[in-house]
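Topology and contacts: notes
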Amino acid sequence: MTERDLHADVAEILLTEDEIGAKVRDLGARITADHAGRRLTLVSVLKGSLPFMADLMRAIDLPVRIDLMEVSSYGGASTESSGLVRILKDLSASIANEDVLIVEDIIDTGLTLNYLMRYLRGKNPRSIKVCALLDKPARRLVELDIDYIGFEIPDEFVVGYGLDFGEIYRNLRFVGVLRPEAYES
Ligand code: PRP
């Protein structure tokens, strides 16, 4: 794929760069207030959470440690969740007795987060919470408590600000709805 006009593949901008920026600052302030006097371990789930993690950590005014996991729930370029969760990259350090905040770009079926919560609870953190930028409740298959949610979005195929289709579009500064022609071609 060469010379592709990323912006032309977007039918509609759902969340602008400014809207995302304001929301991330708001989430950071809430997380800071809720954890005053404590230190947090932010666990980001690659790769989609990368821009959100980078912005959110700088919006939190607390001592934070960061760690990165990579899991896979979607098969290749498919737009449907396979329900399979594989750990591609594990934590680098112990989270025993740490206050952990999982940082996710999107909760869709919830299968990934459901698995991750169980996996991370087994490592005996002091507490574990979740911050997700985007929530697509229409697609939920398992019930979950999400402590911090940026935006509820409709059941549309979204890309940008970390979210991909076929590994591209992650570098768009906004979240947009992908034109069906872009994933049907
Ligand atoms: C996305 C997202 C979540 C998961 C959510 O990751 O970052 O981890 O899917 O879907 P679910 O609620 O249906 O489980 P993806 O597997 O697409 O990987 P990526 O972050 O590398 O794009």
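For the structure itself, consult the block above.
Structural notes, computed from the coordinates.

What counts and how
- Numbering of residues starts from 1 in every chain and runs along the sequence as written.
- The predicted origin of the model limits local features to residues at a pLDDT of at least 70 and limits the giving and counting of side-chain atom pairs to 80 or more, whereas totals for whole chains, interfaces and linings rest on all residues.
- The side-chain figures draw on all heavy atoms in the structure; neither hydrogens nor water molecules are used.
- For this description, a residue counts as near a given molecule or strand if any of its non-hydrogen atoms is within 4 Å of it.
- Within 3.5 Å is the distance limit for a polar contact, defined as a pair of N or O atoms, with the added protein rule that one can donate a hydrogen and the other accept it, and that residues adjacent in sequence qualify only through two side-chain atoms.
- Values of accessible area rely on a 1.4 Å probe in the Shrake-Rupley scheme; residue burial ignores everything except the protein chains shown.
- What counts as a helix is a DSSP run of H or I of at least four residues, what counts as a strand is a run of E of at least two, and both are numbered from the N terminus.
- Under the convention adopted here, Pro, Cys and the residues Ala, Val, Leu, Ile, Met, Phe, Trp and Tyr are nonpolar, Asp, Glu, Lys and Arg are charged, and Gly plus all remaining residues are polar.
- In this scheme, a residue with accessible area under 20% of its type's maximum is buried, one over 50% is exposed, and one in between is partly exposed, where area comes from a 1.4 Å probe on protein chains only.
- For this count, His and the chain ends are skipped, Lys and Arg are scored as positive, and Asp and Glu as negative.
- Note on definitions: salt bridges are taken to be side-chain nitrogens of Lys or Arg within 4 Å of carboxyl oxygens of Asp or Glu.
- Throughout, an axis means a line fitted to C-alpha atoms (over the contacting stretch in the case of helices), and angles, computed between N-to-C directions, take values from 0 to 180 degrees.
- Each angle is binned into one of four classes, with values under 35 degrees roughly parallel, values over 145 roughly antiparallel, values of 65 to 115 roughly perpendicular, and all other values oblique.
- For any helix crossing, the convention is left-handed if the near helix is rotated counterclockwise from the far helix by under a right angle, and right-handed if that rotation is clockwise.
- Contact between two residues is taken to exist if any of their heavy atoms lie within 4.5 Å; hydrogens are not considered.

This next bit is on the site of the ligand. The environment of the ligand is formed by 17 residues, the closest being Glu 104, Asp 105, Thr 109, Gly 110 and Thr 112. Here an oxygen atom of the ligand and a side-chain polar atom of Glu 104 are 2.6 Å apart. Its free accessible area being 500 Å², the ligand has 93% of it covered by the protein chains. When contributions to the shell around the ligand are tallied by element, the ones reaching two or more residues are strand E3 (64–74), strand E5 (99–107) and helix H3 (111–121). No other element matches E5, which puts four residues into the shell around the ligand. Class assignment of the residues belonging to the shell around the ligand gives a composition of five nonpolar, six polar and six charged.

For Lys 136, the location among the structural elements is in the loop between strand E6 (127–135) and strand E7 (148–152). In this structure, Lys 136 is buried with no salt-bridge partner, the nearest side chain bearing the opposite charge being Asp 155 at 4.0 Å.

Turning to the pattern of salt bridges, a few remarks are in order. Counted by the stated rule, this structure contains 11 salt bridges. Linking Arg 140 and Asp 135 is a salt bridge whose minimum nitrogen-to-oxygen distance equals 2.6 Å. Within this structure, Lys 47, Glu 70, Asp 164, Glu 167 and Arg 170 form a network of salt bridges that share partners.

In this section: the packing of helix H1 (residues 17–34) against helix H2 (residues 50–59). In the contact formed by H1 and H2, the axes pass within 8 Å of each other and the chain directions differ by 50°. Between H1 and H2, the angle is such that the two are oblique. Classified by chirality, the crossing of H2 by H1 is right-handed. Listed contacts from H2 to Val 24, Arg 25, Leu 27, Gly 28, Ala 29, Ile 31 and Thr 32 of H1 are Phe 52, Asp 55, Leu 56 and Ala 59. Tallied by class, residues from the contact of H1 with H2 come to seven nonpolar, two polar and two charged.

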